[in-house]
Every structure is written in structure tokens, then in C-alpha cells.
Amino acid sequence: MTTQRNGGVGVRFGRRRLFQLGGVSTAAVLLGTGAITTDRSYAAPTFGTDPFSLGVASGDPLPDSVVLWTRLAPDPLAEDGHGGMPSRPVRVHWEVADDENFRHVVRRGSVAATPELAHSVHAEVHGLRPGREYFYRFRAGREHSPVGRTKTAPAFGAPLSSLTFAFASCQAWHDGFYTGYRHMAAEDLDLIVHLGDYIYEYGIPADGGNRGIAVPDYFAEEAVSLKRYRTQYGLYKSDPDLQAAHAVAPWIVTLDDHEVENGWAGDVPEKDTPTPTQPEFLERRASAFRAYYEHLPLRSTALPTGPDMRLYRRFTYGDLAEFSLLDTRQYRDPILDDGDDPARLDPERTLTGDEQERWLLDGMAASRARWNVLAQQVRVAQFDHGSETDPDLPHDGWEGLGRDCWDAYAASRDRIFGGIAERGVSNPVVLTGDWHRNLVADIKADYADPDSATLASELVGTSISSGGDGQDIDNLGRAGLIVNPHVKFYNIQRGYVTCRLDAEQWISDFKVLPQVTTPDAPVSTRATYVMENGRPGAEPA
Ligand code: FE
Ligand code: CA
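Before going into details, it helps to say that this report is about the structure given with it. Quick caveat, the model's predicted, so the values are computed rather than measured.

Details of the coordination of the calcium ion (ligand 2)
Then comes step 1: Surrounding the calcium ion (ligand 2) are the protein donor atoms Asp-197 (OD), Asp-256 (OD), Asp-257 (OD) and Asp-434 (OD), at 2.2 to 2.6 Å.
Then comes step 2: In primary sequence terms, the donor set of the calcium ion (ligand 2) follows D-x58-D-D-x176-D.
Then comes step 3: In this structure the iron ion (ligand 1) is found 3.8 Å away from the calcium ion (ligand 2), and Asp-197 serves as a bridging donor for the pair.
Then comes step 4: Take Asp-256: its relative accessible area is 0%, and that puts it in the buried class.
Then comes step 5: On the basis of relative accessibility, which here comes to 2%, the residue Asp-257 falls in the buried class.

Re the environment of Ala-421
Then comes step 1: Examined against the element boundaries, Ala-421 turns out to sit in helix H8 (residues 410–422).
Then comes step 2: You can call Ala-421 partly exposed: its relative accessible area is 42%.
Then comes step 3: When the C-alpha positions of Ala-421 and Thr-454 are compared, they lie 9.5 Å apart, and in sequence the two are 33 residues distant.

Examining the layout of surface pockets
Then comes step 1: Empty space within the largest pocket amounts to approximately 780 Å³.
Then comes step 2: Lining the largest pocket are 34 residues, with Asn-262, Gly-263, Ile-335, Arg-403 and Asp-404 positioned closest to its centre.

Things to note about the coordination of the iron ion (ligand 1)
Then comes step 1: Distances from the iron ion (ligand 1) to its protein donors, Cys-170 (SG), Asp-197 (OD), Tyr-200 (OH) and His-436 (NE2), fall within 2.0 to 2.5 Å.
Then comes step 2: Coordination geometry of the iron ion (ligand 1): the four donor atoms subtend angles of 86 to 168 degrees at the metal centre, consistent with an arrangement described as irregular.
Then comes step 3: Read in sequence order, the donor residues coordinating the iron ion (ligand 1) give the pattern C-x26-D-x2-Y-x235-H.

Some thoughts on the packing of helix H7 (residues 354–366) against H8
Then comes step 1: Contact geometry for H7 and H8: axes closest at 9 Å, N-to-C directions at 15 degrees. Judged on the interaxial angle alone, H8 and H7 are roughly parallel. Crossing of H7 against H8: the hand is right-handed. Of H8, the residues touching H7 (which contributes Glu-357, Leu-360, Leu-361 and Met-364) are Ser-412, Arg-415, Ile-416, Gly-419 and Ile-420.
Then comes step 2: Broken down by class, the residue content of the contact of H7 with H8 amounts to five nonpolar, two polar and two charged.

Calculation rules
Residues numbered from 1 in each chain as written. Chains lettered and ligands numbered in written order. Predicted model: local features only at pLDDT ≥ 70, side-chain atom pairs only at ≥ 80, totals over all residues. Heavy atoms only, no water. Donors = N, O, S within 2.8 Å, 3.2 Å for Na, K, Ca; no water. Buried < 20%, exposed > 50% of the residue type's maximum accessible area, 1.4 Å probe, protein only. Helix = DSSP H or I, 4+ residues; strand = E, 2+ residues; numbered from the N terminus. 1 Å grid on protein atoms, 1.4 Å probe; cavity = no way out; pocket = protein on both sides within 12 Å on 5 of 7 lines; lining within 4 Å. Points joined across faces, edges and corners; volume = space filled by probe spheres on them. Tetrahedral: all angles 85-135°; square planar, octahedral: opposite > 155°, others 65-115°. Axes fitted to C-alpha atoms, helices over the stretch in contact; angles between N-to-C directions. Parallel < 35°, antiparallel > 145°, perpendicular 65-115°, else oblique. Left-handed = near helix turned anticlockwise from the far one by under 90°. Contact = heavy atoms within 4.5 Å. Nonpolar A, V, L, I, M, F, W, Y, C, P; charged D, E, K, R; others polar.

Here's what the structure looks like:
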């Protein structure tokens, strides 16, 4: 057994904001990686109620390392955003074991949970073995957390026969229950990928919207301040089904717009916003990013510096799969008012920013993996919503191309997917969230020519709860499947997607629920699509 201990670092916290702090030792403490004081209230805190009310999580799996997450919050809905914790650091112990009963503990250590980071814990555990299942738990004072299960990635480049993972997005709490996560938690998964809209910034009515669960009055206000973002996470993460999904497998996450506000783009807020000036918006973005970091199993590399956060990163699963997680919000040019604006073709416009584009293409060129995954936010394949001028294709008021997705950044799309083709990247697959719809589509060299090359396959996953119950198909889908021949599947029920892959095939099960506005709905597989190695494009199984 190996024991990790942290050295003592004496630090006094002032009123300065986190992003104004510079010293390395201070940062180490804020990250929850340093000991602070021998004060009894630090080493042996007491709690009136369970401080692990938000569950446990693990994430960012590497062959020898995972990050373990929790947040001490005996009162997660406390209006001040402190979760019922005092404004001083508290020591949190963690253990990692081979077995669920912790008979064989392989790593243990402790970190300081600090008020600056809402008493969140991000313990980066090293020295683990590749491709192995582990169990973990936390202790603060006399209180123990639930036990979580995690799994390291296989050794870099090593032969890997199969991988099973699920991906999900868009979980507006007030729109419905997270029953999909309960079903996901019952699957045997190596990994869970979250593509954004983990929270929505919107105010929540006192009756809890579709859930009919009363929330304190202050939830009616949209999240703008750090304390309000924190209470939003406190509410969302109190959900037992979400906690169950976090506890069964490591997650890799990226954010979309609603973790900050609807439709933001780079330094530009949405039109109708409580934070219209750039300084106001960037302060809001800093608060939103910090609360996001505090509540997700992210490594210290993602710790925000003010309004900036490095979220794009890469995970490799042996020789089988490599995941490039993108951030298509922080570095993008403004969205368009009209999806058909010719500006969408402007070669200067970017969705990823130049640096991320280079990182993506260089990384994909160097990959040795069989399947190369872009896990990202918004739809890549063109989707013409149709036109009011065609009476045979009613489409419920939608028109033209998307304003917010890759259609509005066509040159960016051409550079990246043309670049992937030029580099001969093996089996590129795009995973997408945001749209609250299931979609299977070919990413084409030329959408006007159905016979042009298929450059990659795209799987768009529906929402967990956003949009309420949904339905099998709507008029937009009926029209869209005709107008867009490269789109093969469309569905707008709630759920998630489970992917099973080996060297020859990638099988995607689109899991849906009949409703999310009442709890306990069953799950079923609405459609299964298969991709074959070396042949771009998914086909029905
Ligand atoms: Fe969404
Ligand atoms: Ca979104």
C-alpha cells in the first residue's frame, strides 16, 4: 500500500478573489492539494447533516490516474452559495481500493476543501494501474461519503479489444426527471461523456416546473452571480439519478452555452441579457466557469483564471479510441442573426479559434487509434430546416440553416473536416449535444452533392430532460429527413446514447424514455446504428 501525504502550507485567505491570486503555494491550497493548519476545526470538522449530499464523482481517466470529486455541502440549497459550510478550510480524506469493501486500499491521501472553491475536492490520484476498476470514498471528520466506482484508461497504444461508453447532454432540472441517468447507471460502462448544458442558467419557478418539487423563492432569479450559479449546481446535483451515474464510471465533460448563458459566443453575451456590457459579461463568465469547475470532476489544468478556462483536451483508450474534447464556445466568433447570412461562409470566421484548430488537427494526425472521436457541443452536419415556401413540408416555423452551429461557421467546418480527410485520420466520429434531438448524419465534403465524399459520421444525442417529454418525430424532422439526404435518423424523445466499439464495428444504441415529467419511466432502444471500420457513415443495424 502506498500512502500520499501533502506537505504543510501556511496560507491566510483574504477577501481577494481567486483569480487575483498568483502564488504557486496558494494555488496548491485552493486546488485542494495542500494542508493548511493544525486547527481542530480543520482536521476534525463536525456536521449537523450529511456533508456529502451532492454525491461523489470521478473523471479525466488516464492510464495511471483519475481525479476524484466531491463537495462538502450539508445544506446544498443555502442561499449564500456556501452549502451550509463555514468560511474556513476543512480536511477531506480520500481512499482508493481494488475492492468495494476497501480491504485492499492502494492509495490514500487528504486535501483541503476551501471556501474559495465552495469546499469542493478535486483529488488527482496517481500511480494507478491501466485499464483497471477501482473504488473510492471520502471522509470528513466522522462522516463518510458514498462509494464510487471508477476505471483508468488502458495503457497508451496498448491493444484494447472493446470499449463501452455512454454520452449525454442538456439536463434542464425544471423540465423533467433524470430517469435516463438511472438507466445509464445500471449499464456496465467504461466511461461517460457529457457534452454540455449540465445546468441551465434560467430561473426556476417556485413549484419546480415539470418536476413539481418546491424550490426556495430565490431560484426564480436567473444565475448571474457566483453564489447563484453555486445554488443552481446544488439543486441539480442533489438529484439521486445524476449522482448514481457519476458514481458508476469516470466522466469526461465539456460545457456548452447554458453553463454561462443561452447563446453566448466568445466575449459576446446573448442579446437579451442581464449582463450586456463586456466587463459585466466577462465577470459573469468567470463566476460561471468557477462554479462549473467546482462541481465537475476536472483536473487542475481546467481551473479557471478569471473568465478563461482551458477545457479542450484529449483522452486515449489504448489502440482503439481517442477522444478529443472540444470547446466551441469560448473562442468562437459571434453567432449570426440569420442562419442564411452569407457571412457564414466568411473564411475568417472560426468556431474553435486558431489555437484549438491546430491542436485538434495536429493531434488527430498523430493519433494511432482506430476510432477518432470529436466530442463537442453543436451540430456539425448541415441541416436545412426547410422553407415556408414549400407547403408540402410543414416545419413548424423553422427556416434555413442554423445560426449557432457549424453551419454558421462553414469555413471552420471545411478547414477541420477537410484537414481530417487530408491527414488520413482513421474513422473520424463526431459526438454532439445541444439540439435536444437524436440524429445520425454524414458529414459531407459538399452538402449540395449527395455523391460527394462522406468525411466523418455524426451522432447527435438527445437531451436528458431539456424540452420535456418530447415525441418520436415532429414536422421539422419529417421535412428535415427529406430536405437533407445525408441525415439518416431523427427523433426527439429524451434519453442518451450507448456506444459499443471494437476494432471492426461501432454500434450506437439510441436509448429513449416515454416521458420525463413523471418519475420512473422505463427505457428502450429506439434505434441502433452501426459504423464499420474504414467505411464512413452509420447504417441502421
Ligand atoms: Fe440544451
Ligand atoms: Ca446548448
